Amino acid sequence: MAMGGAMDSCGRCMKISLVAMNILTFLGGVLALGIGVWIWVSRSFPSTLMSNNMFIASVAVVVAMGAAVMILSFLGCCGAAKEVKCMLLTYYILVFIIFVVMLVGGILLFVFRVKVLSTLEREMHASIPNYGTRREYTRAWDETQTKLQCCGVKSYKDWNDNVPDSCCVEVYPGQRRDCKYSQNPTTMYMDGCFNKTVDLLREDAAYVGTVAVVVALIMVLALIFSCGLFVKIE
């Protein structure tokens, strides 16, 4: 009888722990979704200057997984609270699949980070002739130079004699200094965009990577507790 009581106590502990893990997982999903959307909306402006779509793909994985984790954590809470074996089994399988997808997304982000550092400078140089002729490149360069306060790839000299207005120092929105014929630090952004873009991408990778690792660890614990609770439910 004492053994049964111990088992019941252990089962209740697993049940409470699984509910707690799912609450943490839900919060982690909210954080992953929020950071993914924030990066996608406000910090993806240099992505057009890269020939590959790995940046957008890796952020899309984070956004999708954040939303999926939020939904899944609700399923896990219901399965644990109601002690429904079928729901717990479904939860376990889906958590495992999402864990694998997040792992692949993390690897994709790592590959992107290595690849982009080796090709970004060349791709940025190659995109300069498209400025003024292709709308997406014109917008990407203008947003990159304005938001990062930079000009050209390494310096304003990359533009030769066609320095864009977005290289001129912005006094306030819509008003810039005249830097076409007076190229100095008071009128023009003198730093190149390559190093600043790399720093931005590294920062984004750090945000996404940290959230992915935290959520993945929570999901591993959720897997363990859900498996234990599944075994103990009669």
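Residues numbered from 1 in each chain as written. Predicted model: local features only at pLDDT ≥ 70, side-chain atom pairs only at ≥ 80, totals over all residues. Heavy atoms only, no water.

The name that an unreviewed UniProt entry assigns to the chain is Tetraspanin, with the source organism given as Danaus plexippus plexippus. Looking at the chain in UniProt, the text filed under Sequence similarities (unreviewed entry) is "Belongs to the tetraspanin (TM4SF) family." The Subcellular location (unreviewed entry) comment attached to the chain in UniProt states, word for word, "Membrane". (UniProt positions renumbered as here; feature names shortened; annotations may be inferred.)

### Digging into the packing of aromatic side chains
One pass over the full model with this rule turns up three aromatic pairs. By the ring-pair criterion, three or more aromatic residues cluster together here, those being Y131, W141 and W159. (Phe/Tyr/Trp six-rings, centres within 6.5 Å; stacked < 30°, edge-to-face > 60°.)

### Quick notes on the state of the cysteines
Counted according to the given criterion, the structure contains three disulfides. Linked covalently through their sulfurs, C151 and C167 form a disulfide whose S-S length is 2.0 Å. Taking the sign of the S-S torsion, 85 degrees for the link of C151 and C167, the bridge is right-handed. One end of the pair, C151, is in the loop between α4 (135-148) and β1 (170-172); the other, C167, is in the loop between α4 and β1, and 16 residues separate them in sequence. Given the relative accessible area of 0%, C151 is considered buried. Each sulfur in the disulfide pair C168 and C179 lies 2.0 Å from the other. Around the S-S axis, the bridge from C168 to C179 shows a dihedral of about -70 degrees and counts as left-handed. Separated by eleven residues along the polypeptide, C168 in the loop between α4 and β1 and C179 in the loop between β2 (175-176) and α5 (193-232) bring together distant segments of the chain. The pair formed by C168 and C179 is uniform in burial state, with each residue classed as buried. For the chain, the disulfide bridges join cysteines in the arrangement 1-6, 2-3, 4-5, where the cysteines are counted in sequence order. (Disulfide = S-S within 2.5 Å. Helix = DSSP H or I, 4+ residues; strand = E, 2+ residues; numbered from the N terminus. Buried < 20%, exposed > 50% of the residue type's maximum accessible area, 1.4 Å probe, protein only.)

### Points about the nonpolar core
Core analysis: the biggest nonpolar cluster contains 27 residues, and L120, M124, W141, C151 and W159 have the highest contact counts within it. Elements represented by at least two residues in this core include exactly α3 (85-127), α4 and α5. Aside from chain neighbours lying at most four places away, what touches M124 is L49, W141, V153, C193, F194 and T197. V63, M65, A212 and V215 belong to the second largest nonpolar core, which has 25 residues in total. (Core = buried A, V, L, I, M, F, W, Y, C linked by side-chain atoms within 4.5 Å. Contact = heavy atoms within 4.5 Å.)

### Structural notes on the UniProt feature "transmembrane region" (unreviewed entry) in the chain
The UniProt record annotates "transmembrane region" (unreviewed entry) at residues 21-41, 53-77, 89-112 and 205-231. Here residues 21-41 runs as 100% helix and 0% strand, with 30 Å between its end C-alpha atoms.

### Comments concerning a nonpolar patch on the surface
A surface patch of nonpolar side chains, about 720 Å² in accessible area, is lined by L89, Y92, I93, L94, F96, I97, V100, V101 and V104. Assignment of secondary structure puts V101 in helix α3. For V101, a relative accessible area of 31% translates into the label partly exposed. (Patch = residues over 30% accessible without salt bridge, like charges linked within 9 Å, V, L, I, M, F, W, Y side chains within 5 Å. Areas by Shrake-Rupley, 256 points an atom, 1.4 Å probe, with all protein chains shown as cover. Salt bridge = Lys/Arg side-chain N within 4 Å of Asp/Glu carboxyl O.)

### Here's the deal with the pattern of salt bridges
Here the structure, examined in full by the defined rule, presents three salt bridges. For R139, the salt bridge goes to E143, with nearest N and O atoms at 3.1 Å. Here E143 and R139 lie together in helix α4, a separation of four residues that amounts to about one turn. When its relative accessible area of 58% is taken as the criterion, R139 is described as exposed. Between K196 and D191 there is a salt bridge, with the nearest N and O atoms lying 3.9 Å from each other.

### Regarding α4
For α4, which comprises 14 residues, the first-to-last C-alpha distance of 20 Å matches the rise-based estimate of 20 Å (1.5 Å per residue) to within 8%. After α4 finishes, the residue Q149 shows a positive phi value of roughly 50 degrees. (Expected span 1.5 Å × (residues − 1).)

### Notes on the environment of I98
Turning to its location among the elements, I98 is positioned in helix α3. Residue classification places I98 among the buried residues on the basis of a relative accessible area of 9%. The spatial distance from the C-alpha of I98 to the C-alpha of A68 is 7.9 Å, given a sequence separation of 30 residues.

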